[in-house]
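These are the residues of each chain, in order.
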Amino acid sequence: MSKKKADTKKTAEQEKINEEEIKKEDCEEVNPLEKELADTKEQLLRVTAEYANFRKRSEKEKNESFTFATAKTVGEILSVIDNLERALSNEQEDYEGLKKGVQMIYDGLMASLEKLGVTAYGEIGEQFDPNFHNAVMHVDDDSLEANVITDVFQKGYKINDKVVRPAMVKTAN
């Protein structure tokens, strides 16, 4: 009996070893899938982190660009403000001198706007274009061509081809 017990014990041990080998084989078969899943999860986490960093960086760059553009604009206009302060502090009652000073300030402001790429438009005699002009009045006059601007109530301004403010005009025919 002891031999039978020993054989039974050996058989049980052999079956246990076989079961462990089968489990190892199953693990090896599942292991590549689990490894691939883990790699995919890791890639997804990295891509998500990179995207979050990209969004933060983009937002920061946008804010810096806005701040830079605002500073450049204000820097151009500050000299006009200085000239206005000088004109207001002047105690002379000379109308011609005041008019000349205001004209100089206007010219300086227009030069500053031109440096920033802003141009004025909307002159009498120009062709009316609804993309750039806002017609607030209309007059019938046979001596004028159709869709011609007869009066400008407010000049229009644009930066490159983008309208900042349309010109307010009166048109004919």
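Residues numbered from 1 in each chain as written. Predicted model: local features only at pLDDT ≥ 70, side-chain atom pairs only at ≥ 80, totals over all residues. Heavy atoms only, no water.

A. Quick peek at the packing of aromatic side chains. Taken as a whole and judged by the stated rule, the model has one aromatic pair. With a centroid separation of 5.7 Å and 80° between ring planes, the pair formed by Tyr121 and Phe132 is classed as edge-to-face. Taken together, the residues span a long stretch of sequence, with Tyr121 in strand E1 (residues 118-121) and Phe132 in the loop between E1 and strand E2 (133-139) at a distance of eleven residues. A relative accessible area of 8% means that Tyr121 is categorised as buried. Above the face of the Phe132 ring, Lys158 is positioned so that its terminal group lies 4.8 Å from the ring centre. (Phe/Tyr/Trp six-rings, centres within 6.5 Å; stacked < 30°, edge-to-face > 60°. Helix = DSSP H or I, 4+ residues; strand = E, 2+ residues; numbered from the N terminus. Buried < 20%, exposed > 50% of the residue type's maximum accessible area, 1.4 Å probe, protein only. Lys NZ or Arg CZ within 6 Å of the ring centre and 35° of its normal.)

B. Summary view of helix H2 (residues 95-115). The terminal C-alpha atoms of H2, which comprises 21 residues, lie 30 Å apart, in line with the 30 Å expected from a rise of 1.5 Å per residue. Two or three places before Glu96, at the start of H2, stands the capping residue Asp94, its side-chain oxygen 3.4 Å from that residue's backbone nitrogen. Positive backbone phi, at 90°, marks Gly117, one or two positions downstream of H2. (Expected span 1.5 Å × (residues − 1). Polar contact = N/O pair within 3.5 Å; in protein donor to acceptor, adjacent residues only side chain to side chain.)

C. Geometry of the environment of Ile81. In this structure, Ile81 sits in helix H1 (residues 2-89). A relative accessible area of 38% places Ile81 in the partly exposed class. Distance from Ile81 to Leu109, taken between C-alpha atoms, is 9.2 Å for residues 28 residues apart in sequence.

D. A look at unusual backbone geometry. For Asn147, which is not glycine, the phi dihedral falls at a positive 60°. Among the secondary structure elements, Asn147 is positioned in the loop between E2 and strand E3 (148-154). Note on Asn147: relative accessible area 39%, which makes it partly exposed. Here Asn173, not a glycine, exhibits a phi torsion of approximately 55°, which is positive. Within the secondary structure, Asn173 sits in the segment after strand E6 (167-172).

In short, shape yes, function no, at least from these values alone.
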